[in-house]
Amino acid sequence: MSVAYPWLEPVWQRLLATRSRPAQALLLAGPRGVGKSALALEWARALLCEAPRPDGSACGVCPACHWFETGAHPDFRRVGLQEKTSKEGETRLATAIEVDQARDAVDFVQLSTYRAGYRVVLVDPADSLNLAAANALLKVLEEPPLNTVFVLVADQPRRLLPTIRSRCTRLDVGLPALAQATAWLGEQGVDDAPTLLALAGGTPLAALGWCEGEVLDERRGVLEGLARPQALDPVTLGERWKAVAPQTWHDVAYKWLGDLLAVRLGGSVQFNQDFIDVLATLGREADLGKLLALAKTQADEGRTLAHPLNRSLQLQAWLVEYRHVFD
Ligand SMILES: [Zn+2]
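Everything numeric in this text was worked out from a predicted model, so none of it was measured.

Basis of the calculations
Per chain, residues are indexed from 1 in the order of the written sequence. Residue-level local features of this predicted model are given only where pLDDT is at least 70; pairs of side-chain atoms are given and counted only at 80 or more, and the full residue set underlies all totals for whole chains, interfaces and linings. Note that the side-chain values use all heavy atoms of the structure and ignore hydrogens as well as water. For Na, K and Ca the donor cut-off is 3.2 Å, and for all other metals it is 2.8 Å, counting N, O and S atoms only; because water is absent from this set, sites may look incomplete. The geometry test gives tetrahedral to four donors whose angles all lie between 85 and 135 degrees, gives square planar to four donors and octahedral to six donors whose opposite members are over 155 degrees apart with all other angles between 65 and 115, and gives irregular to the rest. Where helices and strands are cited, they refer to DSSP runs of H or I of at least four residues and of E of at least two residues respectively, numbered from the N terminus. Partly exposed describes any residue whose relative accessible area lies between the buried limit of under 20% and the exposed limit of over 50%, with all areas from a 1.4 Å probe on protein chains only and scaled to the type maximum. In this scheme, strands are said to pair when DSSP sees at least two bridges between them. For helices, the axis comes from a line fit to the C-alpha atoms of the stretch in contact; other axes are also lines fit to C-alpha atoms, and the angle between any two N-to-C directions lies between 0 and 180 degrees. Roughly parallel refers to an angle under 35 degrees, roughly antiparallel to one over 145, roughly perpendicular to one between 65 and 115, and oblique to any angle outside these ranges. Two helices cross in a left-handed way if the nearer one is turned anticlockwise from the farther one by less than a right angle. They cross in a right-handed way if the turn is clockwise. Contacts were defined at the residue level, with two residues in contact if any of their heavy atoms lie within 4.5 Å. Just so you know the grouping, Ala, Val, Leu, Ile, Met, Phe, Trp, Tyr, Cys and Pro go in nonpolar, Asp, Glu, Lys and Arg go in charged, and all remaining residues, Gly too, go in polar. Side-chain atoms within 4.5 Å are what join buried Ala, Val, Leu, Ile, Met, Phe, Trp, Tyr and Cys residues into a set we call a nonpolar core. Residue ranges assigned to the domains are those given by an automatic or database domain assignment.

Visitor: Sorry if this is basic, but what is going on with the coordination of the zinc ion here?
Guide: Think of it this way: four donors in a tetrahedron around the metal ideally sit 109.5 degrees apart, and six in an octahedron ideally sit 90 or 180 degrees apart. Within the protein, the zinc ion binds to Cys49 (SG), Cys59 (SG), Cys62 (SG) and Cys65 (SG); these donor distances fall in the range 2.3 Å. The coordination sphere of the zinc ion comprises 4 donor atoms, whose angles at the metal cover 103 to 116°; the geometry is tetrahedral. Counting gaps between the donor residues of the zinc ion yields the pattern C-x9-C-x2-C-x2-C. Of this pair, Cys49 sits in the loop between helix H2 (36–48) and helix H3 (63–69) while Cys59 sits in the loop between H2 and H3, and the two are 10 residues apart along the sequence. By the burial criterion, Cys49 is buried, and Cys59 matches it.

Put into structure tokens, the structure is as follows:
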């Protein structure tokens, strides 16, 4: 049986070859948007399946496969970022995996299994474990109970505790070849795959994410504004762009500044291939010090992505700074 995305096939075959003696702690590492989570789930399903195919993959029809499908397999536990509701009633994902979640997983692996086979704990994104959660998990990773398999998924494995990393068998999931990613996006009905892939840093799932809803139009609107810094009116644009989701805004602004910096430092445009001429001109005109300062602020914002009370005011302040880069 083939795995969710064609570029995962080689790494999937490597995993399947270990089906009879799987690593007790597996770390799937690689850039965001290449399908690591899908791979981890497929692996968990294969391990829990009670009538695996000759190649080791899940049969899809046994009771275990059925429970897995419905999210009800008693020997499977998924530890991830929980949704939290703020006082204002806004729901968003927590930024870290908390210690009580890790303790739940630890308790879970101490129980005997419901079925005769493996018990699987998926920790995704493992690089979001906070320190207390990581330490709680470390104890069971050091001496995992019999028939227990941990699968950790991380975009940034360096953020894991070294002691956790050293307990894991690491499997890297790399970027697909450009031709393969382009072909796959074409099959998904994406028109301009090369532009989107550049925008997404080569990761096909992130490229596909850019096609959802209004995101591409919003990006274009923002970039057309940023492309003419002298004509830009911070008040009008701040008011207009407050409707853009903070994550989208951050991503667009961050990559735009990244391209400007690259050009300013004599490199080439990495993300915004469709604005390559504008970037080539603007990048040469930019004040390096101011541009660096703004890019740093933008990177810091990305770590929190806080919702300010007055979004348009915040955008206005940003746009004033941006305009100064080209004074
Ligand atoms: Zn099965």
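Continuing now.
Visitor: Please explain the sheet that holds strand S2 (residues 76–79) as it appears in this structure.
Guide: Sheet strands associate in pairs through backbone hydrogen bonding, adopting either a parallel or an antiparallel arrangement. Strand order in the open sheet formed by 5 strands is S2-S5-S6-S1-S7, with parallel pairing between adjacent strands. Since the sheet does not close on itself, it has two edges, and those belong to S2 and strand S7 (169–172), each with one partner. Adjacent strand axes in the sheet meet at a mean angle of 15° when their direction is disregarded. In this sheet, S7 lies alongside strand S1 (residues 25–29) in parallel orientation, the contact comprising 4 bridges.

Visitor: Quick question: what am I supposed to make of unusual backbone geometry here?
Guide: In the segment running from Asp124 into Pro125, the intervening peptide bond is cis, with an omega of 5°. Within the element layout of this structure, Pro125 appears in the loop between strand S5 (119–123) and helix H5 (131–142). Here Asn147, not a glycine, exhibits a phi torsion of approximately 60°, which is positive. Inspection of the secondary structure puts Asn147 in the loop between H5 and strand S6 (148–154). For Asn147, a relative accessible area of 35% puts it in the partly exposed group.

Visitor: When you look at the packing of helix H11 (residues 234–241) against helix H15 (residues 311–325) in this model, what are you seeing that I'm missing?
Guide: Two quantities define a packed helix pair, namely the angle between the helix axes and the distance between the axes. Put simply, H11 and H15 touch, their axes get as near as 8 Å, and they point 135° apart. Between H11 and H15, the interaxial angle falls into the category oblique. For the pair H11 and H15, the sense of crossing is right-handed. For the pair formed by H11 and H15, the contact residues are Pro234, Val235, Leu237, Gly238, Glu239 and Trp241 on the first element and Ser312, Leu315, Gln316, Leu319, Val320 and Arg323 on the second. In the contact of H11 with H15, the residues fall into 7 nonpolar, 3 polar and 2 charged.

Visitor: I keep staring at the packing of helix H4 (residues 99–110) against H5 and nothing clicks. Help me out?
Guide: Two numbers describe how H4 lies on H5: the axes approach to 7 Å, and their chain directions differ by 15°. Between H4 and H5, the angle falls in the class roughly parallel. You can see that H4 and H5 cross each other, and the crossing is left-handed. Within the contact between the two elements, H4 uses Val99, Ala102, Arg103, Val106, Val109 and Gln110 and H5 uses Ala132, Ala133, Ala136, Leu137 and Val140. Residue classes in the contact of H4 with H5 are distributed as 9 nonpolar, 1 polar and 1 charged.

Visitor: Is there a simple way to explain the side chain of Lys36 in this structure?
Guide: Here Lys36 shows up in helix H2. In this structure Lys36 touches Leu28, Ala29, Gly30, Pro31, Val153, Ala154, Asp155 and Val173, once residues within four positions along its chain are discounted.

Visitor: Would you explain the pairing of S1 in this entry?
Guide: Buried residues dominate S1, accounting for 5 of its 5 residues. On S1, burial covers both faces: Ala25, Leu27 and Ala29 on one face and Leu26 and Leu28 on the other are all buried. As paired strands, S1 and S6 are joined by 5 bridges and run parallel to one another. Note that in S6 the partner of Ala25 across the bridge is Phe150.

Visitor: Help me understand the nonpolar core, please; the structure alone is not making it clear to me.
Guide: Across soluble globular proteins, you tend to see nonpolar side chains buried next to one another. Counting 70 residues, the largest nonpolar core has Leu226, Trp256 and Tyr322 as the members making the most contacts within it. Among the elements that make up this core, the one with the highest residue count is helix H12 (residues 246–264) (8 residues). When we break this core down by domain, the ones giving at least three residues each are domain 1 (6–172) and domain 2 (213–325). In this structure Leu226 touches Leu232, Trp241, Trp256, Leu282, Trp318, Leu319 and Tyr322, once residues within four positions along its chain are discounted. Of all hydrophobic cores here, the second largest spans 27 residues; its members include Ala25, Ala105, Val121 and Leu129.

Visitor: Hey, could you run me through the domain arrangement of the chain in this one?
Guide: The accessible area lost on association of the parts is a frequent measure of interface size. When the domains of the chain are assigned, the result is domain 1 (6–172) and domain 2 (213–325). Inter-centroid distance (C-alpha atoms) of domain 1 to domain 2 is 37 Å.

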